[in-house]
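So the chains spell out like this:
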Amino acid sequence: MVAASHSITSDGMPGVTIRPRTIVAEAVQLTTPPAIRAVDLTIRYGTFAAVKNVTLDIPPNQVTAIIGPSGCGKSTFLRSMNRMNDFVEGAHVTGQLLFGKEDVYAAACDPVELRRRVGMVFQKPNPFPKSIFWNVAWGPAVNGYRGNLAELVEEALRKAALWEEVMDRLNRSALALSGGQQQRLCIARAVAMQPDVLLMDEPCSALDPIATARIEDLIDKLKSQYTVVLVTHNMQQAARISDHTAFMLMGELVEVDATSRLFTMPSDRRTQDYITGRFG
Amino acid sequence: MVAASHSITSDGMPGVTIRPRTIVAEAVQLTTPPAIRAVDLTIRYGTFAAVKNVTLDIPPNQVTAIIGPSGCGKSTFLRSMNRMNDFVEGAHVTGQLLFGKEDVYAAACDPVELRRRVGMVFQKPNPFPKSIFWNVAWGPAVNGYRGNLAELVEEALRKAALWEEVMDRLNRSALALSGGQQQRLCIARAVAMQPDVLLMDEPCSALDPIATARIEDLIDKLKSQYTVVLVTHNMQQAARISDHTAFMLMGELVEVDATSRLFTMPSDRRTQDYITGRFG
Amino acid sequence: MNSAMTTAGNPAFFQPRLNRRRWMGRLFAWMCLAAAIAAVLVLAALLWHVGRQGASLLSVKFLTSGESTLDPLTSGIRSPLWGTIWLMGLTTILAVPIGVAAAIYLEEYAPDNRLTRFIQLNIANLAGVPSVVYGLLGLTVFVRGFALRRSVAAGAAALALLVLPVVIIASREALLGVPKSIREAAYAVGATRWQTIRHHVLPAAVPGILTGVILALSRAIGEAAPLIVVGAVAYMRKVPAGPLDPFTALPIKIFNWSEMPAPEFARLAGAAIIVLLILLLSMNGVAVGIRAWQQRRKSW
Amino acid sequence: MRGWQRLKEGALHAAFFACALISIAVTVGIIWVLFSESLPFFRSVPIRDFLFGLEWAPRTGQAYGILPLVCGTLLTSVLALGVAIPIGLATALYMSEYASPTVRGVAKPVFEILAGIPTVVYGYFALSFITPTLLRPLFPTIEVFNALSAAIVMGVMIIPTISSLCDDAFRAVPRRLREAGYALSATKLEVSTRIVLPAAMSGVVAAVLLALARAVGETGSTPKVSLDPLGSTQTIAAYIVQVSKGDAPAGTIEYQSIYIVGLTLFAITLGVNLLAQRVMRRFREVYE
Amino acid sequence: MTAHFVNLLDDLRRRSLRMASEVEDMLEESAEVVFSGDKSLARRIVARDEEVDDEEVGIETDVIRLLALYQPVGRDLRLLATILKVNTDLERVADGVVNIAERAKHMEVQVPASECAELKQLFPLVRAALRNAVQSYATEDAEAARSVMREDAAIDALYGQIVRKAVSATPGPSLSIAALLDLLSVAKNLERIADHATNIAEDVIFLTSGAIVRHRHDDATK
Amino acid sequence: MTAHFVNLLDDLRRRSLRMASEVEDMLEESAEVVFSGDKSLARRIVARDEEVDDEEVGIETDVIRLLALYQPVGRDLRLLATILKVNTDLERVADGVVNIAERAKHMEVQVPASECAELKQLFPLVRAALRNAVQSYATEDAEAARSVMREDAAIDALYGQIVRKAVSATPGPSLSIAALLDLLSVAKNLERIADHATNIAEDVIFLTSGAIVRHRHDDATK
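Because the structure is a prediction, the values reported are computed rather than measured.

Definitions and cut-offs
- Residues numbered from 1 in each chain as written.
- Chains lettered and ligands numbered in written order.
- Predicted model: local features only at pLDDT ≥ 70, side-chain atom pairs only at ≥ 80, totals over all residues.
- Heavy atoms only, no water.
- Helix = DSSP H or I, 4+ residues; strand = E, 2+ residues; numbered from the N terminus.
- Rg over C-alpha atoms; globule rule 2.2 N^0.38 Å.
- Buried < 20%, exposed > 50% of the residue type's maximum accessible area, 1.4 Å probe, protein only.
- Areas by Shrake-Rupley, 256 points an atom, 1.4 Å probe, with all protein chains shown as cover.
- Lys, Arg positive; Asp, Glu negative; His and termini not counted.
- Charge placed at Lys NZ, Arg CZ, Asp CG, Glu CD.
- Core = buried A, V, L, I, M, F, W, Y, C linked by side-chain atoms within 4.5 Å.
- Contact = heavy atoms within 4.5 Å.
- Buried area = accessible area lost by both parts, 1.4 Å probe.
- Salt bridge = Lys/Arg side-chain N within 4 Å of Asp/Glu carboxyl O.
- Polar contact = N/O pair within 3.5 Å; in protein donor to acceptor, adjacent residues only side chain to side chain.
- Nonpolar A, V, L, I, M, F, W, Y, C, P; charged D, E, K, R; others polar.
- Disulfide = S-S within 2.5 Å.
- Pairing = 2+ DSSP bridges.
- Phe/Tyr/Trp six-rings, centres within 6.5 Å; stacked < 30°, edge-to-face > 60°.
- Right-handed = clockwise from strand over helix to strand, strands pointing away.
- Expected span 1.5 Å × (residues − 1).
- Bend = angle between axes of the 7 residues up to and from the residue.
- Axes fitted to C-alpha atoms, helices over the stretch in contact; angles between N-to-C directions.

1. Digging into the overall build of chain E
Phase 1 of the analysis: Broken down by element type, chain E carries seven helices and zero strands.
Phase 2 of the analysis: Counted from the first residue to the last, chain E has its helices and strands arranged as α-α-α-α-α-α-α.
Phase 3 of the analysis: For chain E, the C-alpha radius of gyration of 19 Å lies close to 17 Å, the compact-globule estimate for 222 residues.
Phase 4 of the analysis: Once the C-alpha set of chain E is aligned to its principal axes, its extents read approximately 70 × 40 × 20 Å.
Phase 5 of the analysis: Split into buried and exposed, the 222 residues of chain E put 59% on the buried side.
Phase 6 of the analysis: Carbon and sulfur atoms form 50% of the exposed surface of chain E, whose accessible area is close to 8400 Å².
Phase 7 of the analysis: Separation between the mean location of the 27 positive side-chain charges and that of the 39 negative ones in chain E comes to 2 Å.

Below, the structure is given as structure tokens:
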């Protein structure tokens, strides 16, 4: 269980509380151990391999962007990190996906518990058709949060830079908010679970440029507290907000590098072609 | 009725056939008369003015992009050019919209005839659930095209850079094509009507970057034969493909200029703020 | 429009014949309108006819008195009305929980395998099975097999089976209308499947389910054929006191009266129809109201 | 997940599954009942006579040919479709393409009411209004229980089914297809009949088939065998009701005959339904 | 992401201005070296130049990085282009200052004061030109930039005077050819530093108006 | 829009290369002016410089335009940055050439051949350096660029030799101070042209590898 969520350790399963920070760095080249590590990860839908032998470290407290053309497997890869692919018929995973020391696809790993620690924000804003307050409070409430819910909601909304805009209408329906506000609400909802990692699946693709800019600013602020993994097909967005960028093509990881390096001096020809638009 | 359409003067209304080439250039500063000219155009939905007093010339055989934040009226303005707004309940137009010399909103103007000469491509690819051939041939057939349909279809598909890809499966359903191909098919469909003007309403917003690049290349090629008016909320796209860019804000036309000028030296503070992302 | 720049093709190849097309369009629109009006006229004629026949007999006494053998025009519909109420109550209790549960299974739990597809196909077919066949099923299984005899319970059970597929389909539609993104959102904050269904999917689907249930019941309320087959009696003065008592119902009484040659029975049937239609309309009204409310609320 | 939570999840899953299985039990029940009750029938009547016999006279205990019943059913149903298809389709086109939102808002509930009116009411309407008031002046020889009035009423009864399902099919055609049509200089008529209608065609066909299935399954008028719409016919459903009303004692051949007749009805409607579903599935694939 | 980019852009601009004031400083010090012959100061100038060189590379890398990552347009793009151009000019100014310092260091035989009069006049003029150019860059003041460009003529004239005087000079024991060449070299470097100041002023005009006024001073200074 | 942009980028690159060969030409001509004293040729060089100036402004405008409109990344961005930097260097080379031609024009008294020996050596070296640098730019050949950078030392050495000789020379009737200064100025300009050639070579290395090797020749030329 994560450090902050001590309120839910009451279920008497202390065995699951392996904390990433206790690992003795096994990857010597890294100063801090990766938040998530994929080792030779392959994801198949039936016979089709959507993700092929990907090995990648997601560094903690940074923004890692995954870019690539439609159907390159980037979304599938992202969704494997909190096992949202479980809901896809016929998805099959081989290789390892380590969240800290824990293998996400091991039998001992409970996806419900995992998702509490690895939050997710989706392509289209998907607030619950409830009040703004309960949108944020529902996740913690259902997971037996025993602190002050109102405080938690305020804190999450503040972190998502939404508090000022909604503080006087917490009981109104979340569906009355604008698209950009809804997406920030979804971020607040994820943040309220006090996760370690935030997965974002094209979080701005349904928003206009202005709302996009606000979300991007927000992601930039959040990365000091969370590990952010962002899938986007907007290369400029990856360039703007990520610290690291991974480029995928037909299920394979072609190149991963510091973003500023990847966008000025990509080392792989295919990356070069993709980012300069010469692809396909 | 407009000049080229002398075939329909059989309805006994010869008085309407004023031809623009007979004009003694009234706008001296222009070398060629504009293809479309909006003069003090205002479009209201009920009491809400979506477009306010816009005066703008669309130069022929060039690409004019209209940019602006969501809800700035750019789409409404575009759709006024072929009277697609007629289908919107409560839309009301004042001011003039001249297509050549003809006032599009005059009682004498038949929107059906107008739309044959002012083609449109929509945000989401919308091929008919028919064969590829009939997608292209349908418009001309309905309008009593008397030439060789097969040749017309081939020519249109070639112009839309799609012929090579579909020549051996013209009888297959258009819905089996990829999104990018569908959009090019929609362009071919518009082109087959031999219009003077092509209106494009965010033609790439539903496509991935690769398909987008192909459509943009295509628009660039088409502008030698057609006047293209393009609405986009992707500023980069406007920068890449247009010759002129108009920036709209809250229904007003803020600035219009050569694209390279607008994107390096915008003269209006609001344009500056919008293109550099400081808006809102 | 600068005809100078129409370089592509020759516009002379087009012969749009706009006047003819405009004229045809108007003609067609009028034809369609006429068809729609014709359908409405039938309804008007029906209502007018029924009203003319039965309105004068309507009174509180008509609702509360039993059938008179002496003077048909003093007959009332006490026992068929109560029979119908009993039937509806029991049918709801039997069909709705099972139907909604089955729909939840199919939408939320079922894996995409042969069994699931078979269940779905089977339900779609059940919805198309004629009501008479349900009557035969009820007759064999409930009346004789479970020895419920010709009771309200047997009739309600047959009706419950009749509306079950409709309830399942309507509930599935309602569940399907809840966007997948809402479920994903719930799972992503660490909710279990049941928590997701209980807190988000069901509340969002309830209006749709309710509408479907009401419409299914309003179909059941007018059914005569299966009840006749199961063995509702046409003539009965008593009101059923328990689920195992014999019964009659409004549609059966209407069917019975309308087949009688004497004109006063046609008037009685008309009056009963008015009662039945009022019941139906109020149920439909509730359903339409719920739907309108839901559509206003739903903005995802 | 806590232990008890896991248990609860599992129990609920099992319960929901059980409910879903009930639907299969119903089908199995129907088929088992129909077969087991009608098997004894063939002990006394040869299958050949049943399938190809041209007379249906169970009362006299001699003729058990199903063809007249099937013919009667189909005649009534086809006549009903003849009334319902043009009106239903035109109504649906009007509703989805021409009607303003206000008109729609009024008309749609009216059609729903029409759809919700029970069969018995229509039967009453046919007997007490259509035949005596409308048809008798035109065809003085018409019988009280005639196929024509049954067909007209049945047709009216299924108009809402057709118009509502077609309306749904037309409205499922995306708005952007219509816009594409208008942008290609088409008139409303052309867009309606040459884009919307073909695009929704399989939905229309499915609607017609479902309406047919409903017509087949409904109780119509009563006895006699003929293809003359002015004469009386008997439909399958009507036969079952008629026999049940008469309280035929179990074990008699008349009692068994309602099961074999029910089986026939079940087979016909099942066939039509399966066909409709196939068409419907193809229609859905186009847009989903 | 605008907020982040705006901050980065502002940081970069401030870095460029810091480098500019560093270079101004060095120019000031070089005057001291020339007129006092302080060799350790000369060495310090050379050392500072290395820092300037590093900073130049750093700023250029960052400009490219911001161009690649944030794809600026409008004024942001003009600012980045200006920073890039000013950066090059500042580095060249620093190089010129180093040249002056190097020359001054091995001015073994001091140039007689009589020969130095014009040089003593030239130094403050050039320093003022650079200071004003940097100032106009800091305040984005096109008018100030134009006045820098106008003043360049005076510097050129003074430099011409120095050259003419040198050409007509008679080398002898009090004025070796080497000393003369040193003196001319210092003057030449100063003149070029003033040219770079003019370039900076031109860049400021580009920044504010988008116009490239290089090679067209007549129009621009009006 | 890639196809369009690729074409524009290619056009711009070719324009830059054309300007480079123009400047190479001018350098060639300036040698002729120096050693033959052809004054009309000198005037033609000055005229050509104006064209080069215009072209420089044109190319820079286009670089900014492409940056604003197409927002390139990766190699495209590096190419644009390189074009921009090479552009500046080429313009400065042209300025140097003009300076040489101007000097040569008023070399009233011809410098004696004995004094010119090293200059005669220097010209072809510098021309080779510029040609090789432009060549490496045209072929995007980092190896060739590195060899240009290595060769710069020889040019610096030769220039040093010329300066030392001048310092130790005795001005007299056969060698006026003015002539000596002209000679030195030509040599100085040549040396600076070679520096610009080195800059171009550095830019080529940036283009091919993304590394900025300025001020770090030791690493780069290895």
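2. Considering the nonpolar core
Phase 1 of the analysis: Ranked by internal contacts, the top residues of the largest apolar core, which has 262 residues, are A:Leu157, A:Phe263, B:Leu157 and B:Phe263.
Phase 2 of the analysis: If sequence neighbours within four positions are ignored, B:Leu157 has contacts with B:Val136, B:Leu162, B:Trp163, B:Val166, B:Leu170, B:Leu185 and B:Ala188.

3. Focus: the interface of chain B and chain E
For an interface, size is often stated in terms of accessible area lost upon the parts coming together.
Phase 1 of the analysis: Counting residues at the interface gives nine residues for chain B, matched by 11 residues for chain E.
Phase 2 of the analysis: Summing the contributions of chain B and of chain E, the shared interface buries around 800 Å²; its carbon and sulfur component is 52%.
Phase 3 of the analysis: Ranking the residues of chain B by area buried against chain E places B:Thr264, B:Met265 and B:Arg278 at the top, with a combined share of 48%.
Phase 4 of the analysis: The partner of E:Asp76 in a salt bridge is B:Arg278, and the shortest N-O contact between them spans 2.7 Å.
Phase 5 of the analysis: Seen at the junction of chain B and chain E, the total is four residue pairs in polar contact (both at pLDDT 80 or more).
Phase 6 of the analysis: Elements with a contribution of two residues or more to the side of chain B that touches chain E: helix H9 (259-264) and helix H10 (269-275) of chain B.
Phase 7 of the analysis: Across the side of chain B that touches chain E, the residue classes break down as four nonpolar, four polar and one charged.

4. Description of the state of the cysteines
Phase 1 of the analysis: One pass over the full model with this rule turns up zero disulfides over all chains.
Phase 2 of the analysis: With no disulfide of its own, C:Cys32 lies 12 Å from the sulfur of D:Cys166, the closest cysteine sulfur.
Phase 3 of the analysis: Here C:Cys32 falls in the buried class, since its relative accessible area comes to 2%.
Phase 4 of the analysis: Look at D:Cys166 and you get buried, because its relative accessible area is 0%.

5. Some words on the interface of chain D and chain C
Phase 1 of the analysis: Contacts between the two partners involve 72 residues from chain D, matched on the other side by 75 residues from chain C.
Phase 2 of the analysis: Buried area between chain D and chain C, both sides added, is near 6500 Å², and the carbon and sulfur share of it is 76%.
Phase 3 of the analysis: For chain D, the biggest contributors to the area lost against chain C are D:Phe16, D:Val120 and D:Tyr124; these three give 11% of the whole.
Phase 4 of the analysis: At the surface where chain D touches chain C, the tally comes to two salt bridges.

6. A look at the sheet that holds strand E5 (residues 102-103) of chain B
Phase 1 of the analysis: Ordered by their spatial adjacency, four strands build an open sheet running E2-E1-E4-E5 (chain B), and the pairing between neighbours is antiparallel. Because the sheet does not close on itself, it has two edges, and the strands there are strand E2 (48-58) and E5 of chain B.

7. What to know about the packing of aromatic side chains
Geometry of an aromatic ring pair is reported as the spacing of the ring centres plus the angle between the planes.
Phase 1 of the analysis: Under the definition given, this model contains 24 aromatic pairs over all chains.
Phase 2 of the analysis: Here C:Trp48 and D:Phe129 contribute two aromatic rings whose centre-to-centre distance is 6.4 Å and whose plane-to-plane angle is 80 degrees, an arrangement assigned as edge-to-face. Separated into two different chains, C:Trp48 in helix H1 (residues 18-54) and D:Phe129 in helix H5 (residues 119-135) make up a pair that spans both.
Phase 3 of the analysis: When the centroid spacing of 4.9 Å and the interplanar angle of 50 degrees are considered together, the rings of C:Tyr105 and D:Phe17 count as tilted. On the criterion of chain membership, the pair formed by C:Tyr105 in helix H3 (residues 78-109) and D:Phe17 in helix H1 (residues 3-44) is interchain, its members lying in two chains.
Phase 4 of the analysis: Taking the relative accessible area as the measure of exposure, D:Phe17 reaches 25% and is therefore partly exposed.
Phase 5 of the analysis: Ring-pair connections join several aromatic residues into one group, and the members of that group are C:Phe28, D:Tyr94 and D:Tyr98.

8. Quick notes on the pairing of strand E8 (residues 227-231) of chain B
All names here are of chain B.
Phase 1 of the analysis: The buried fraction of E8 amounts to five of the five residues, a majority that puts the element mostly inside the structure.
Phase 2 of the analysis: Here E8 shows no split at all, with Thr227, Val229 and Val231 on one side and Val228 and Leu230 on the other all buried.
Phase 3 of the analysis: By the bridge criterion, five bridges tie strand E7 (residues 197-201) to E8 in an arrangement that is parallel. Bridging across to E8, Asp201 finds its partner in Val231.
Phase 4 of the analysis: Handedness of the β-α-β unit built from E7, helix H7 (residues 209-222) and E8 comes out right-handed.

9. Focus on the environment of B:Ala156
Phase 1 of the analysis: Position of B:Ala156 among the secondary structure elements: in helix H4 (residues 149-159).
Phase 2 of the analysis: With residues near it in sequence (within four places) discarded, B:Ala156 still touches B:Val136, B:Ala188, B:Val191 and B:Ala192.

10. Considerations on unusual backbone geometry
Residues and elements named next belong to chain A.
Phase 1 of the analysis: Positive phi values are uncommon outside glycine, yet Asn61 reaches one of about 50 degrees.
Phase 2 of the analysis: Tracing the sequence through the fold places Asn61 in the loop between strand E2 (48-58) and strand E3 (63-67).
Phase 3 of the analysis: Although it is not a glycine, Arg83 adopts a positive phi angle of roughly 60 degrees.
Phase 4 of the analysis: Among the secondary structure elements, Arg83 is positioned in the loop between helix H1 (74-80) and strand E4 (91-99).

11. Re helix H8 (residues 193-221) of chain C
Phase 1 of the analysis: For H8(C), with 29 residues, the first-to-last C-alpha span of 36 Å runs short of the 42 Å given by 1.5 Å per residue.
Phase 2 of the analysis: Maximum bend of H8(C): about 50 degrees, positioned at C:Leu202, with proline C:Pro203 one to four residues after it.

12. Details of the pattern of salt bridges
Between side chains of opposite charge, pairing is possible as soon as their charged atoms come close.
Phase 1 of the analysis: In total, this model carries 93 salt bridges over all chains according to the counting rule given.
Phase 2 of the analysis: A salt bridge links A:Lys223 to A:Asp220; the shortest N-O distance between them is 3.5 Å. Accessibility classification places A:Lys223 together with A:Asp220 in one group, the buried group.
Phase 3 of the analysis: Two residues, E:Asp10 and E:Arg14, come together in a salt bridge whose shortest N-O distance is 2.7 Å. Here E:Arg14 and E:Asp10 lie together in helix H1 (residues 2-36), a separation of four residues that amounts to about one turn.

13. So, the side chain of B:Asp268
All names here are of chain B.
Phase 1 of the analysis: The residue Asp268 is located in the loop between H9 and H10 in this model.
Phase 2 of the analysis: Of note is the side chain of Asp268, whose polar atom sits 2.8 Å from the backbone nitrogen of Arg270.
Phase 3 of the analysis: Each residue touching Asp268, except ones within four places of it in the same chain, is listed here: Val254 and Glu255.

14. Re the sheet that holds strand E10 (residues 252-258) of chain B
All names here are of chain B.
Phase 1 of the analysis: Taken in spatial order, the six strands make up an open sheet running E6-E7-E8-E3-E9-E10, and their pairing is mixed. Looking at strand neighbours, the two that pair on one side only are strand E6 (118-121) and E10, the edges of this open sheet. Across this sheet, the average inter-strand angle for adjacent strands is 20 degrees, counted without regard to direction.
Phase 2 of the analysis: The sheet contact formed by strand E3 (residues 63-67) and E8 spans four bridges and is parallel. Bridge pairing links Val63 to Val228 in E8.
Phase 3 of the analysis: Strands in contact with helix H6 (residues 179-191) are E6 and E7; relative to E6, the strand with the most contacts, it is inclined by about 170 degrees.

15. Brief notes about the pairing of strand E1 (residues 36-45) of chain A
Residues and elements named next belong to chain A.
Phase 1 of the analysis: With seven bridges joining them, E1 and E2 adopt antiparallel strand pairing. Note that in E2 the partner of Leu41 across the bridge is Val54.
Phase 2 of the analysis: Following E1, the chain reverses through two residues before pairing antiparallel with E2; Gly46 in that reversal takes a positive phi of roughly 60 degrees.
Phase 3 of the analysis: As judged from the eight bridges shared by E1 and E4, these two strands associate in the antiparallel manner. When the sheet's bridge partners are listed, Thr42 is paired in E4 with Thr94.

16. A short note on the environment of C:Glu107
Residues and elements named next belong to chain C.
Phase 1 of the analysis: Mapping Glu107 onto the fold places it in helix H3.
Phase 2 of the analysis: The partly exposed category is assigned to Glu107, whose relative accessible area is 21%.
Phase 3 of the analysis: Between the C-alpha atom of Glu107 and that of Ala174, which follows or precedes it by 67 residues, the distance is 9.9 Å.
Phase 4 of the analysis: If we skip the residues at most four places from it in the chain, Glu107 touches Arg172, Leu175 and Leu176.

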